[in-house]
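Listed below, chain by chain, are the residues.
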Amino acid sequence: FLDLLRAIPQIDWGRALSPGWKIDLTASASAATGATYLGGAKVSGDSDVDAHRVWIRLASARFETRVGLQQLSFGSATIFRPLMWFDRLDARDPLQFTRGVYGALARYVSAGNASVWAWALYGNEDPRGWDALGTAPDPPEFGGRGQAPFLGGEIAGSYHHRTADTTPFLPPGSPPASAREDRVGVDGKWDLGVGVWFETSFTHTASTALRREWQPSWTVGADYTLGIGAGLTLLGEQFYLDPAVPAFAPAATLELTAVTATYPVGVANMLTGAFYYEWRRDDAYRFVEWRRTYDHWRFHVIGFWNPDKASPFAPGSQASALTGKGDELVV
């Protein structure tokens, strides 16, 4: 049994500047306390208070620049996201909680709905997303993204550079080591009667400490709403990842299939069911949720039936605690 209480108080401030421009600020903290019980006895417990989002933004109708601790997420995939470079969002988490990154982001959107992003990050040393390695303290990270309409949908390309800390993959007692790392991603999404999308990421880490320097990942997916009752929406994704592992370790390839179904019951209720299957480990993950929404409250009743070990996807996310069999109430 897992007991968790989380509060995220937030302060927002904004002011109009010259015509068409504004400046605003958001500051929030995350305070959480939790404990694990087994057979009625407390096994472990922990409390944590940390900054959640602290950023200031200058914006107009088509341009914004934002500096501080912020969430940086993009891509076309829904469940398994190769472009999960800077967050650890889990599709099963009703709160969609993830830690932010410290940095600066600039984004421009044209009249034709094309967009250009550029970012620089500093002080984010812990692993993020699918990362097996953290980031070296220096120098800063940087990257960008371009997105444009294409054949009735949209397509985008992304790039990111950092210096990875490869010390954990070296023999014990080795001096600290780092390596240049470059990532390239391409994603796209279209509505062809059936919604279809793809998302890819290729990471190159120039280090002999790794089993292989290239780490590819990709997702293909589709969704469709059936004319049953209020509309039953089915979604499926197929995911592949060959992650970074130490040179002396065996491959740790992930191949995952996900199928979800969502059905609205009236205007306030939503039923969701999800089934994930991990082919290499022959593991199945099952998840059901009933959600009810009020003006100022939202209730989630969740049931799950999963292997008795942490999931290999979305490591470190809030929903990664859904191990074994159980249920949750989230308010």
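Since the structure is predicted, the reported quantities are computational estimates derived from the model, not experimental observations.

Trainee: Any chance you could break down the pairing of strand E11 (residues 178-191) for me, citing the residues and the numbers?
Mentor: Pairing between strand E10 (residues 153-165) and E11: twelve bridges, direction antiparallel. If you follow Ser158 over to E11, its bridge partner there is Gly185. Relative to strand E12 (residues 195-205), E11 is paired through eleven bridges, and the arrangement is antiparallel. Each bridged residue has a counterpart across the sheet, and for Asp191 the counterpart in E12 is Gly195. Where E11 folds back on E12, the antiparallel hairpin that results is connected by three residues, among which Gly193 adopts a positive phi of roughly 90 degrees.

Trainee: Could you give an account of the side chain of Asp87, with specific residues and numbers?
Mentor: On the secondary structure map, Asp87 appears in the loop between strand E5 (63-70) and strand E6 (101-109). A polar side-chain atom of Asp87 sits 2.9 Å from a polar atom in the side chain of Arg81. The residues touching Asp87, leaving out its near neighbours within four places in the chain, are Leu72, Ser73, Arg81, Thr98, Arg128 and Gly129.

Trainee: Break down the packing of aromatic side chains for me, with residues and values.
Mentor: Applying the stated rule across the entire model yields 15 aromatic pairs. With centroids separated by 6.2 Å and ring planes inclined at 65 degrees, the aromatic side chains of Phe74 and Phe86 adopt a geometry described as edge-to-face. Within this pair, whereas Phe74 is found in the loop between E5 and E6, its partner Phe86 is found in the loop between E5 and E6, the two being separated by twelve residues in sequence. Judged by relative accessible area, Phe74 falls into the buried class, the value being 7%. Relative to Trp279, the ring of Tyr277 has its centre 4.7 Å away and its plane inclined at 80 degrees; by these criteria the two rings are edge-to-face. What links up through ring pairs into an aromatic cluster is the set Phe74, Trp85, Phe86, Trp117 and Trp119. Positioned over the ring face of Trp55 is Arg66, at 5.2 Å from the centre of the ring. Its guanidinium or amino end placed over the ring of Trp305, Arg286 lies 4.2 Å from that ring's centre, counting from NZ or CZ.

Trainee: Provide a residue-level description of the environment of Ile56, including the pertinent values.
Mentor: Here Ile56 lies in strand E4 (residues 41-59). Here Ile56 falls in the partly exposed class, since its relative accessible area comes to 37%. Remark: the alpha-carbon pair of Ile56 and Asp182, spanning 126 residues in sequence, is separated by 28 Å. Once residues within four sequence positions are removed from consideration, Ile56 is found in contact with Ile23, Asp24, Leu25, Thr65, Arg66 and Val67.

Trainee: Would you mind going over the pattern of salt bridges in detail, with residue names and values included?
Mentor: Throughout the structure, instances matching the rule amount to 16 salt bridges. Linking Arg281 and Glu278 is a salt bridge whose minimum nitrogen-to-oxygen distance equals 3.0 Å. Judged by relative accessible area, which is 0%, Glu278 ranks as buried. Connected through shared salt-bridge partners, Asp24, Arg57, Glu64 and Arg107 make up one network.

About the cut-offs
- Residues numbered from 1 in each chain as written.
- Predicted model: local features only at pLDDT ≥ 70, side-chain atom pairs only at ≥ 80, totals over all residues.
- Heavy atoms only, no water.
- Pairing = 2+ DSSP bridges.
- Helix = DSSP H or I, 4+ residues; strand = E, 2+ residues; numbered from the N terminus.
- Polar contact = N/O pair within 3.5 Å; in protein donor to acceptor, adjacent residues only side chain to side chain.
- Contact = heavy atoms within 4.5 Å.
- Phe/Tyr/Trp six-rings, centres within 6.5 Å; stacked < 30°, edge-to-face > 60°.
- Buried < 20%, exposed > 50% of the residue type's maximum accessible area, 1.4 Å probe, protein only.
- Lys NZ or Arg CZ within 6 Å of the ring centre and 35° of its normal.
- Salt bridge = Lys/Arg side-chain N within 4 Å of Asp/Glu carboxyl O.

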